[in-house]
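Secondary and tertiary structure notes
Here are the chains, one letter per residue:
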Protein chains: 2
Amino acid sequence: MANTETPRSLTRPAHVGSVVIGGGAPIVVQSMTCTKTEDTEATAAQVRSLAEAGCDLVRVTLPHKGAVDSFAAICAQSPVPIVADIHFDYELAIAAARSGAAKLRINPGNIGSWDKVDAVIEAAGENGCAIRIGVNAGSLDKAVDAREDLTLPEKLVASSVEFVRHFEARGFGNIVLSAKAHDVPTTIETYRALSRELPQVPLHLGVTEAGTPQQGTIKNAVALGVLLSDGIGDTLRVSLTADPVEEVPVAWGILQSLGLRRRGPELVSCPTCGRTQVNLIPVAQEVERRLRMLDKPISVAVMGCVVNGPGEAKGADVGVACGKGCALLFRKGEVLRKVPEDAIIDELFKEIDAL
Amino acid sequence: MANTETPRSLTRPAHVGSVVIGGGAPIVVQSMTCTKTEDTEATAAQVRSLAEAGCDLVRVTLPHKGAVDSFAAICAQSPVPIVADIHFDYELAIAAARSGAAKLRINPGNIGSWDKVDAVIEAAGENGCAIRIGVNAGSLDKAVDAREDLTLPEKLVASSVEFVRHFEARGFGNIVLSAKAHDVPTTIETYRALSRELPQVPLHLGVTEAGTPQQGTIKNAVALGVLLSDGIGDTLRVSLTADPVEEVPVAWGILQSLGLRRRGPELVSCPTCGRTQVNLIPVAQEVERRLRMLDKPISVAVMGCVVNGPGEAKGADVGVACGKGCALLFRKGEVLRKVPEDAIIDELFKEIDAL
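Here the structure is a predicted model, which is why all the values come from computation and not from measurement. (Residues numbered from 1 in each chain as written. Chains lettered and ligands numbered in written order. Predicted model: local features only at pLDDT ≥ 70, side-chain atom pairs only at ≥ 80, totals over all residues. Heavy atoms only, no water.)

1. Observations regarding the packing of helix α10 (residues 280–291) of chain A against helix α12 (residues 344–354) of chain A
Residue and element names in this part refer to chain A. As a packed pair, α10 and α12 sit with axes 10 Å apart at the nearest point and diverge in direction by 35°. Of the two possible hands of crossing, α10 and α12 adopt the one that is right-handed. In this structure, α10 contributes Val283, Glu286, Val287, Arg290 and Leu291 to the contact, and α12 contributes Ile344, Ile345, Asp346, Leu348, Phe349 and Ile352. Each residue belonging to the contact of α10 with α12 can be placed in one class, and the counts come to 8 nonpolar, no polar and 3 charged. (Axes fitted to C-alpha atoms, helices over the stretch in contact; angles between N-to-C directions. Helix = DSSP H or I, 4+ residues; strand = E, 2+ residues; numbered from the N terminus. Left-handed = near helix turned anticlockwise from the far one by under 90°. Contact = heavy atoms within 4.5 Å. Nonpolar A, V, L, I, M, F, W, Y, C, P; charged D, E, K, R; others polar.)

What follows is the structure in structure tokens.
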């Protein structure tokens, strides 16, 4: 695979429990629970599902004091570091820091005062927590939002720079920054500016309110793909209006498509066309289904014809190029044998298992 | 919406029937039939479905002489210009040009000789056809493929430049160029180089063998998103191993996400989280389903909470921010009224219909 990537911008590492964000570490995948935090069992189960799906970190909201005990129990049971999602109430942020959160996500613009922000910084420092400064187009600081001389990306950047300078002036550098909007051009412009203005700060990429799985996958893949391909971004969350577990393979798919991080096998399969002489769609679907159960970072090609098939299948670790009633089976560019149509999948997996 | 786009690179327009590719025209969406071309009725029906889904052009394979009559009938019935997909046999290309094709897609590397390519160019010129020069990593010219001093993107570019120079030297400029690979970094690097080396030539973007709908959507959105955001690309085809009609909303979604072209309404909906107090996923899904029936280029927000909800909903033409048992209904930033949970969707569509 060609490596077209700009060198990644080297940010200062943030330490989130055992996970490092930035500083050249692999890009961190995260998501967020959507259960009630007070329901310890349901939330802990969703955290485990997200970790199994490939989340390095999981965010859990701490919406009020009544959920602090559950939050602490969830942190204690979690296989991955937990990020506390806090809005408005600085005392909840302090409680989260003391209850096992590895990172606090706050928007300093809605915490109420610099004194309260400083109390959160102090509690984070004492408890070894990182802080994500989470600026959001939907809840901008009122003074900044009112400025008519700034575009939306400029407002997001101005707010971000002000907050980061405040944290750094207090000697607190264990930070990650996000500045989310719901449209792709604003997201791209904002993060490019943040990477220029605050090159030292690890960036958390995301598009808020990206929508249902199809539209949301497209918006996230375009925005995050453009930024990651620029070398920008240290952690990411794909937001979909769906079960959060569905967000994780999309995040991994984006990273994998750019060769930035790999989890499990890759399937290369062609669109069918009028040249195809086998029913390729169910073959590709069944191969995809069986590959999901494998951890090997291999590439597998399922091709429908003899025009581009052999050439493309050649680049894969294992592949088939299907003709009329049969297929050629390839391994690392060499034809192994011809197999009959009804044995294509089994023969393919024999070779995959042998790798 | 912020406009972060690099100015689009201004290519020479290619004329494909009534459709213009390049020269500042809107980016053209296309796909390809997967029916047997000899089955005139099935293929003509699929062409219509693709056109209704939003294809400006449809490609149909012409695999052998026995399909020429069907191909001509399909062209005659089609609501959009038809592109003939030709491999190996220059006589089929000539037959397609005479049978109503508006564009011929050939890979000069597998046509056999320059004389045969020239015969195709002559037939295209006489019949007012454009030609897409379709280079493909899976079927590279053998001499170029054998060069060990070139990377794969360099091989794709070298082949492309050679072919384009040949066409232009013959005085034939009604061309579009593609150079497809199945991986995203190769695609990005190749098209960036093509745009630099051949700035006059309209580019057809695509990733071959991108895979099943989820993986294929991600790979296409990342590769095409990066290139379109660079200002590169005049037409695109999203390839998925699926019914080709499924490719079209993905293509439109990519264009829409970057603000490049708009078809129908946009839904902004949040990921749910532990703060959400209504069951948002079915609400968003039902709103998405009903919006599909509308043509209006409006944006609609469906938000699950009071933290980011009102701010984000404000940016939409119409939106709801849901609280406990009710929602606030917004129109262009103003709160209209509070509506009970079971009336959210109906009240939202009352406002949409009134726009």
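Next, the rest of the story.
2. Details of the interface of chain B and chain A
Chain B puts 77 residues into the contact, and the matching count from chain A is 77 residues. Taken together, the two surfaces of chain B and chain A that pack against each other cover about 6100 Å², and 57% of this comes from carbon and sulfur. Where chain B packs against chain A, one counts 2 salt bridges. Residue A:Lys219 pairs with B:Glu266 through a salt bridge whose shortest N-O separation is 3.3 Å. There are 10 residue pairs in polar contact (both at pLDDT 80 or more) connecting chain B and chain A. In terms of residues, the side of chain B that touches chain A owes the most to one element, helix α8 (residues 213–229) of chain B, which gives 10 residues. (Buried area = accessible area lost by both parts, 1.4 Å probe. Salt bridge = Lys/Arg side-chain N within 4 Å of Asp/Glu carboxyl O. Polar contact = N/O pair within 3.5 Å; in protein donor to acceptor, adjacent residues only side chain to side chain.)

3. Describing the pattern of salt bridges
All names here are of chain B. Overall, the coordinates contain 40 salt bridges over all chains when judged by the stated rule. Where Arg192 meets Asp230, a salt bridge forms, and the shortest distance between an N and an O atom there is 2.7 Å. Linking Arg192 in helix α7 (residues 184–197) with Asp230 in the loop between α8 and β10 (235–236), this pair joins segments that are 38 residues apart in sequence. For Arg192, a relative accessible area of 21% translates into the label partly exposed. Between Arg289 and Glu286 there is a salt bridge; the shortest N-O distance is 2.9 Å. Of the two residues, Arg289 and Glu286 both sit in helix α10 (residues 280–291), 3 residues apart, roughly one turn of that helix. (Buried < 20%, exposed > 50% of the residue type's maximum accessible area, 1.4 Å probe, protein only.)

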